There are 2 protein chains.
Amino acid sequence: MWAVTGPEKPRRTTAQDVAAPKRTSGATAPAPPRRTAPEPARRTAAPEPALRASAPRKTRATVHDVAAAAGVSRGTVNRVLNGGYVSTDARAAIEAAIAQVGYVPNRAASNLARQRSQAVGFLALEPHSLLLEDPNIGAIMLGANAALSLADHQMVSLVIDSDRDTQRVGRYLSGGFVDGAIIVSARSHDPITRLIAEIGLPATFVGHPPDLARTIPFVGIDNVGSARAITGRLMQTGRQRIGMIAAALDRDSGADRLTGFKEALGDRFDPQLVADVPLYDYAYGVKGMRALLDREPEIDGVFAASDAVAAGALETLREAGRRVPEDVGLVGFDDSSWALRAQPQLSTVHQPAREIGRTAAESVLQQIGGVEPVELSVLLDSPVVWRHSA
Amino acid sequence: MWAVTGPEKPRRTTAQDVAAPKRTSGATAPAPPRRTAPEPARRTAAPEPALRASAPRKTRATVHDVAAAAGVSRGTVNRVLNGGYVSTDARAAIEAAIAQVGYVPNRAASNLARQRSQAVGFLALEPHSLLLEDPNIGAIMLGANAALSLADHQMVSLVIDSDRDTQRVGRYLSGGFVDGAIIVSARSHDPITRLIAEIGLPATFVGHPPDLARTIPFVGIDNVGSARAITGRLMQTGRQRIGMIAAALDRDSGADRLTGFKEALGDRFDPQLVADVPLYDYAYGVKGMRALLDREPEIDGVFAASDAVAAGALETLREAGRRVPEDVGLVGFDDSSWALRAQPQLSTVHQPAREIGRTAAESVLQQIGGVEPVELSVLLDSPVVWRHSA
DNA sequence: CTGAAAGCGCTAACAT
DNA sequence: ATGTTAGCGCTTTCAG
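Values in this document were obtained by computation on a predicted structure and should not be read as measured data.

Enquirer: Can you explain the pattern of salt bridges? Please cite residues and give values.
Expert: For the structure shown, the criterion picks out 28 salt bridges over all chains. The partner of Arg241(A) in a salt bridge is Glu296(A), and the shortest N-O contact between them spans 2.8 Å. Taken as a pair, Arg241(A) in the loop between α10 (223-236) and β6 (242-247) and Glu296(A) in the loop between α12 (282-295) and β8 (301-304) lie far apart in primary sequence, 55 residues in all. Since its relative accessible area comes to 12%, Glu296(A) is described here as buried. Of the charged contacts in the structure, one is a salt bridge between Arg323(B) and Asp327(B), with a shortest N-O distance of 2.9 Å. Of the residues examined, Arg323(B) reaches a relative accessible area of 49% and is grouped as partly exposed. Of the residues examined, Asp327(B) reaches a relative accessible area of 28% and is grouped as partly exposed. What you see here is one network of salt bridges that share partners, running through Asp152(A), Arg164(B) and Arg171(B).

The structure is reproduced here in structure tokens:
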């Protein structure tokens with residue numbers, strides 16, 4: 001059809017036409033059924049595998065085809081696609097043509113021409129376990145997505161789960177697929193961090209200030225201050241032997257929470273009463289609490305570095321026959337669903353995760369727009385939520 | 001100036017150059033070389049990139065620049081980039097040039113030329129709450145990513161959280177940014193489902209068979225059979241009054257689990273003993289269990305449609321003074337972390353989430369490669385895990 | 001208001 | 001082995 005249409009020279013002979021996968025159809029013998037032999041009778045029951053969609057993907061219509069079908073030039077087609085002055089007749093004809101040939105714009109091509117992608121990458125550099133369970137990062141994603149969506153940008157979230165992924169994502173980031181990136185919990189030495197700086201991709205960090213690059217905007221909360229605040233209230237309510245289950249000391253948030261704890265306690269701080277564990281995780285909460293109980297059976301106040309950790313601690317306390325909050329006061333951090341589900345509900349520090357995501361998105365959007373962020377880092381409010389565990 | 005450089009014809013006079021904001025400064029100043037302008041002087045020892053990353057993003061080097069710097073043609077550069085015969089000298093020169101000019105390939109352009117993106121979209125069409133907390137979808141993602149990674153494909157996960165998102169993601173999917181897609185828990189009427197079918201994008205569904213399109217591959221588990229199995233064991237252990245908290249009956253998985261429950265019970269099935277709730281959620285577990293307890297105080301066996309639901313039910317039972325498993329046997333579904341964290345740990349049905357992701361990825365990869373999947377749908381094994389709650 | 005033409009940065013077929 | 005030359009599909013001047 002389009003090949004012979006109009007004055008245009010006969011376009012392409014698409015490689016696909018030539019290289020079309022030659023299936024040796026004759027083979028009636030189906031390859032051995034994969035894994036679990038699904039009793040064919042079960043669900044499926046699709047007797048007509050004929051209508052398959054894939055097949056040699058039909059070569060899609062282009063502006064060219066539309067133009068030809070409408071009897072106008074590509075320029076005009078483009079004008080109706082994106083705003084522009086077009087006569088009503090032409091517009092009608094073109095719209096008809098679009099429908100007729102089933103035209104769907106190729107954004108990729110458009111991006112190349114425009115030199116921008118209208119997309120922003122979202123990377124969470126967390127260990128799997130957290131990626132899977134931490135509701136915070138989900139909320140941050142949703143917040144970021146909402147903001148980007150408003151600005152008509154596509155958020156594409158990229159998972160990094162191996163060195164190979166790091167490479168590939170690096171290529172993706174620097175390959176023109178995104179105009180910017182939001183990076184959650186990067187460490188300074190993360191290869192991606194360096195890359196971002198190198199290629200000068202607009203980006204903002206969340207959850208960990210980029211020591212390395214003091215030049216990249218950061219959105220987060222004041223971990224030190226909040227830890228201080230919640231520990232303070234533990235003191236005010238009369239707890240005498242207050243300990244902490246510190247977690248993830250290798251990352252800023254973890255270290256900061258411990259710092260805040262120390263600051264609040266001042267002279268009363270006793271290193272013996274700090275158990276430290278590697279991750280913000282329920283299981284480590286159990287472990288940490290056991291350690292604390294061992295070292296100081298008289299302990300009557302505990303600040304767990306996160307709600308998940310607190311939940312683990314709570315379980316341990318219960319097993320040890322300690323009542324919460326009567327015998328020991330327990331507080332967490334994050335205000336995640338762990339806090340609400342615990343029995344009793346946990347007093348904790350509220351992390352405005354959604355807001356954080358939104359703010360981060362706005363920050364990259366600004367950068368993309370060429371605006372220097374007024375302040376390199378912004379700390380959002382993270383109020384203490386007083387519930388029943390202390 | 002650059003117009004007389006080298007043998008290449010004076011490439012484009014980029015519109016921008018003309019339209020460039022005319023600085024009123026001294027006439028001596030050469031026209032500000034915007035974008036492309038292959039002025040040789042450029043790269044050499046970046047003179048104070050002002051440290052900041054953003055600003056007018058420095059115009060990136062292209063194959064052209066590399067070719068020029070190495071004194072070869074673009075074709076040759078391309079050959080060293082992607083495999084091809086290149087003399088050692090040329091290769092060395094080019095590699096040096098690449099490093100010198102700081103060349104980073106523009107994958108977007110390459111994709112356009114090659115007509116493929118080496119990327120696969122991942123969409124989870126779940127209500128937020130689940131997206132945030134359901135560890136299953138995280139595991140599926142990780143599994144899919146691993147498989148795609150092996151095949152050197154980038155997984156890009158797209159979140160749909162509003163109608164606007166649906167539109168945008170639709171454009172993204174049909175805009176040439178991905179070669180295929182993995183779609184988790186779509187319903188037949190989901191706009192995306194239709195779209196996929198329309199544009200004939202290689203795709204496979206997870207978690208819900210596409211009624212609408214019996215033509216699109218599906219990966220999942222046998223919900224009916226597994227529900228039947230676990231309910232059966234509840235019966236075998238002597239429970240007399242067995243009820244179910246059915247959830248999400250509007251989706252296949254939910255409906256199937258109920259079906260399996262009925263099948264297992266046969267004559268003994270009593271509709272009164274089924275409480276149904278809208279979502280696989282802890283809070284609904286609480287609600288559902290209360291309803292059941294109201295209707296039948298003598299209840300001594302409960303099949304909750306998911307572990308989260310079971311956890312809620314467990315809490316309610318505890319509050320009602322029922323001991324598990326002594327007074328009532330309780331089983332869940334999913335084998336998520338809820339099951340392990342519960343006290344006692346839940347007997348449940350194991351969902352091979354990671355495997356599911358992997359399998360789905362392999363399925364789209366096959367389709368992309370032009371291979372028709374041998375079987376349209378594959379059901380993976382989902383064994384019962386017997387623990388302590390029943 | 002519309003058409004023509006030059007690109008975006010890279011790939012691939014075709015000559016050397 | 002290397003250079004040349006068309007494109008990929010869309011955007012954006014610049015004439016008319």
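So, next bit.
Enquirer: Break down the sheet that holds strand β9 (residues 329-331) of chain B for me, citing the residues and quoting the values.
Expert: Residue and element names in this part refer to chain B. Here we have 4 strands laid out as an open sheet, ordered β7-β6-β8-β9, and parallel in their pairing. Both outer strands of the open sheet, β7 (274-277) and β9, are each paired with one neighbouring strand and no more. Between one strand axis and the next, the sheet turns by 15° as a mean value, whatever way the strands run. As judged from the 4 bridges shared by strand β6 (residues 242-247) and strand β8 (residues 301-304), these two strands associate in the parallel manner. Considered in β8, the bridge of Ile 245 is made with Ala 304. Strands β6, β7 and β8 of the sheet are contacted by helix α11 (residues 252-265), whose axis makes an angle of about 165° with β6. Packed on one face of the sheet, helix α12 (residues 282-295) meets β6, β7 and β8 and runs near 155° to β7.

Enquirer: Describe unusual backbone geometry, and please don't skip the residues or the numbers.
Expert: Residue and element names in this part refer to chain A. Residue Pro 325 follows Val 324 across a cis peptide bond; omega there is 10°. Topologically, Pro 325 is positioned in the loop between α13 (307-319) and β9 (329-331). Of note in this structure, Asp 334 is not a glycine but carries a positive phi near 125°. Within the element layout of this structure, Asp 334 appears in the loop between β9 and α14 (337-341).

Enquirer: Go over the sheet that holds β9(A) with me, naming the residues and quoting the values.
Expert: Residues and elements named next belong to chain A. Taken together, the 4 strands give an open sheet; going across it, the order is β7-β6-β8-β9, and neighbouring strands pair in parallel fashion. Edge positions in the sheet fall to β7 (274-277) and β9, since each of these pairs with one other strand and no more. Direction aside, neighbouring strands of the sheet carry axes that sit 15° apart on average. Strands β6, β7 and β8 of the sheet are contacted by α12, whose axis makes an angle of about 155° with β7.

Enquirer: Mind laying out the nonpolar core, listing which residues take part and the relevant values?
Expert: Core analysis: the biggest nonpolar cluster contains 65 residues, and Phe122(B), Ile182(B), Met289(B), Phe303(B) and Leu330(B) have the highest contact counts within it. Here this core gets 8 residues from one element, more than from any other, and that element is helix α7 (residues 135-150) of chain B. Residue assignment places this core across two domains, with domain 2 (119-221 + 356-380) and domain 3 (223-349) of chain B each supplying three or more. In contact with Leu330(B), other than residues within four places in its own chain, are Val302(B), Ala310(B), Ala313(B), Leu314(B), Leu317(B), Val324(B), Leu346(B), Ser347(B), Ser389(B) and Ala390(B). In terms of nonpolar packing, the next biggest core, distinct from the first, is built from 64 residues, Phe122(A), Leu148(A), Leu292(A) and Leu380(A) among them.

The rules behind these values
Residues numbered from 1 in each chain as written. Chains lettered and ligands numbered in written order. Predicted model: local features only at pLDDT ≥ 70, side-chain atom pairs only at ≥ 80, totals over all residues. Heavy atoms only, no water. Salt bridge = Lys/Arg side-chain N within 4 Å of Asp/Glu carboxyl O. Helix = DSSP H or I, 4+ residues; strand = E, 2+ residues; numbered from the N terminus. Buried < 20%, exposed > 50% of the residue type's maximum accessible area, 1.4 Å probe, protein only. Pairing = 2+ DSSP bridges. Axes fitted to C-alpha atoms, helices over the stretch in contact; angles between N-to-C directions. Contact = heavy atoms within 4.5 Å. Core = buried A, V, L, I, M, F, W, Y, C linked by side-chain atoms within 4.5 Å. Domains from an automatic or database assignment.

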